[in-house]
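Read off the chains here:
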Amino acid sequence: DAGVIQSPRHEVTEMGQEVTLRCKPISGHNSLFWYRQTMMRGLELLIYFNNNVPIDDSGMPEDRFSAKMPNASFSTLKIQPSEPRDSAVYFCASIPEIEERYNEQFFGPGTRLTVL
Amino acid sequence: DQQVKQNSPSLSVQEGRISILNCDYTNSMFDYFLWYKKYPAEGPTFLISISSIKDKNEDGRFTVFLNKSAKHLSLHIVPSQPGDSAVYFCAASSGTYKYIFGTGTRLKVLA
């Protein structure tokens, strides 16, 4: 199994530009999470999906952030317009079944975003 | 407000000695706790977990201790090895899939 796949691995953009981060969860996993890692706040949950439906987006910092999951094998996190304070590492994670809370979350390698 | 706190951003330990990583939490509703390990340029990977009905869980060189009255958990690594050098995150949940992570502790094991 290839694990959770994220692209790009690194993104450098200028303030005001649109940024799209992509994630492919592990095949057969029906729940997907987007996290942001910063030095000050650690790993913060932004949004999670169950069976392609957004369930909890309370962690999304503001309207500039949006996420979609058009099918079971693909999700995007979009920032428009981007700001320097969005610079962080963004992780995607998936689990087989969200009702089983003791399931380990499998993380992708992350996308390091730098907004100049 | 951080509900899960890892107050030591870094820790250095000699190879073969014990590494102790600490984590404090504020929410008494948390009932499941996990430790994840993260190497550079990789995503976090699950290491060990503990339910609030226990006070200790052991897996090889790794042991997690939970002190509910103090709202404190710790991860012990014995003996520490250079390959254990990584960032360690503790996480907690309260009856859901939603994990609250700490800010991480960078462990360096010196050969």
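Residues numbered from 1 in each chain as written. Chains lettered and ligands numbered in written order. Predicted model: local features only at pLDDT ≥ 70, side-chain atom pairs only at ≥ 80, totals over all residues. Heavy atoms only, no water.

## Let's talk about the packing of aromatic side chains
Applied cut-off: Put simply, two rings from Phe, Tyr or Trp (the six-membered ring, in Trp's case) pair if the centres are within 6.5 Å, and we call them stacked under 30 degrees between planes, edge-to-face over 60, tilted for the rest. We count a stretch as a helix when DSSP gives it H or I for four or more residues in a row; a strand needs E for two or more, and each element gets its number in order from the N terminus. Relative accessible area decides the class of each residue, using a 1.4 Å probe on protein chains only: under 20% of the type maximum gives buried, over 50% gives exposed, and in between gives partly exposed.
In the structure shown here, the tally under the stated rule is eleven aromatic pairs over all chains. Centroid distance Phe33 of chain A to Tyr48 of chain A: 5.4 Å. Interplanar angle 20°. Geometry classified as stacked. You can see Phe33 of chain A sitting in strand 4 (residues 31-38) and its partner Tyr48 of chain A sitting in strand 5 (residues 42-50), a full 15 residues away along the chain. Accessibility expressed as a relative area gives 5% for Tyr48 of chain A, which makes it buried. Within the aromatic cluster, the residues linked to one another by ring pairs are Phe33, Tyr35, Tyr48, Phe91 and Phe107 of chain A together with Tyr36, Phe46 and Phe101 of chain B.

## Quick notes on the state of the cysteines
For clarity, the cut-off: Pairs of cysteine sulfur atoms within 2.5 Å are what we label disulfides.
Counting across every chain of the model gives two disulfides over all chains. Residue pairing for Cys23 of chain A: its cysteine sulfur links by disulfide to Cys92 of chain A, the two sulfurs lying 1.8 Å apart. What sets the handedness of the Cys23 of chain A and Cys92 of chain A disulfide is the S-S torsion sign, and at about -65° it is left-handed. Of this pair, Cys23 of chain A sits in strand 3 (residues 19-24) while Cys92 of chain A sits in strand 9 (residues 88-95), and the two are 69 residues apart along the sequence. The class of Cys23 of chain A is buried, set by a relative accessible area of 2%. Its relative accessible area of 0% is what places Cys92 of chain A among the buried residues. Through a disulfide, Cys23 of chain B is tied to Cys90 of chain B; the S-S separation comes to 1.9 Å. Between Cys23 of chain B and Cys90 of chain B, the S-S dihedral sits near 65°, and the bridge is therefore right-handed. With Cys23 of chain B in strand 3 (residues 19-25) and Cys90 of chain B in strand 9 (residues 86-93), the pair connects residues that are 67 residues apart, well separated along the chain. Taking relative accessible area as the criterion, Cys23 of chain B reaches 1% and is therefore assigned buried.

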